[in-house]
Amino acid sequence: GPQAPAPSPDAAREPTAGERRRLRKLWAQLIRRVYEVDPLLCRECGGTMRILAFILELAVIRKILAHRESRGGKPGRGPPSGMPTPAPLGS
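Residues numbered from 1 in each chain as written. Predicted model: local features only at pLDDT ≥ 70, side-chain atom pairs only at ≥ 80, totals over all residues. Heavy atoms only, no water.

### Things to note about the overall build of the protein
- Each helix and strand counted, the protein has two helices and zero strands in total.
- Surface summary for the protein: the accessible area is close to 8,700 Å², and the carbon and sulfur share equals 58%. (Helix = DSSP H or I, 4+ residues; strand = E, 2+ residues; numbered from the N terminus. Areas by Shrake-Rupley, 256 points an atom, 1.4 Å probe, with all protein chains shown as cover.)

### Things to note about the pattern of salt bridges
- Applying the stated rule across the entire model yields two salt bridges.
- A salt bridge links E19 to R13, with the shortest nitrogen-to-oxygen separation between them at 2.9 Å.
- Measuring nitrogen to oxygen at the nearest pair gives 3.5 Å for the salt bridge that ties D38 to R32. (Salt bridge = Lys/Arg side-chain N within 4 Å of Asp/Glu carboxyl O.)

### Digging into a nonpolar patch on the surface
- A cluster of nonpolar side chains, L30, V34, Y35 and V37, forms an exposed patch at the surface whose accessible area comes to about 420 Å².
- Position of V37 relative to the elements: it lies in the loop between helix 1 (17-35) and helix 2 (58-70).
- Take V37: its relative accessible area is 45%, and that puts it in the partly exposed class. (Patch = residues over 30% accessible without salt bridge, like charges linked within 9 Å, V, L, I, M, F, W, Y side chains within 5 Å. Buried < 20%, exposed > 50% of the residue type's maximum accessible area, 1.4 Å probe, protein only.)

### Concerning unusual backbone geometry
- In the Ramachandran plot, E36 falls in the positive-phi region, its phi being about 55° despite a non-glycine side chain.
- Tracing the chain through its elements places E36 in the loop between helix 1 and helix 2.
- Of the residues examined, E36 reaches a relative accessible area of 73% and is grouped as exposed.

### A short note on helix 2
- The end-to-end C-alpha separation of helix 2 is 18 Å, in line with the 18 Å expected for 13 residues at 1.5 Å each.
- A positive phi of about 90° marks G72, the residue just after helix 2. (Expected span 1.5 Å × (residues − 1).)

### Section: the state of the cysteines
- The tally for this structure, following the rule as stated, stands at zero disulfides.
- We note that C45 lacks a disulfide partner, and the nearest cysteine sulfur, in C42, lies 3.7 Å from it. (Disulfide = S-S within 2.5 Å.)

As structure tokens, this is what we get:
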């Protein structure tokens, strides 16, 4: 039968800084269109926020939230009820 095309060499490389900036902007535009809310608009001051990182490892997320809570920050919230917890990347 027919063979699947070989993955392009670009598929495995990390995006450049410029590509990451463009992808972050596209992400924000998508969220704005789907949910009709600007994910980069600060609810407290109305200023524009910027994305510093996407943290996907559950253990790291829990550690950050526990630290914030120990310093008097608001506790983090879990996913909406009925939503499956995402599996860690690479599993």
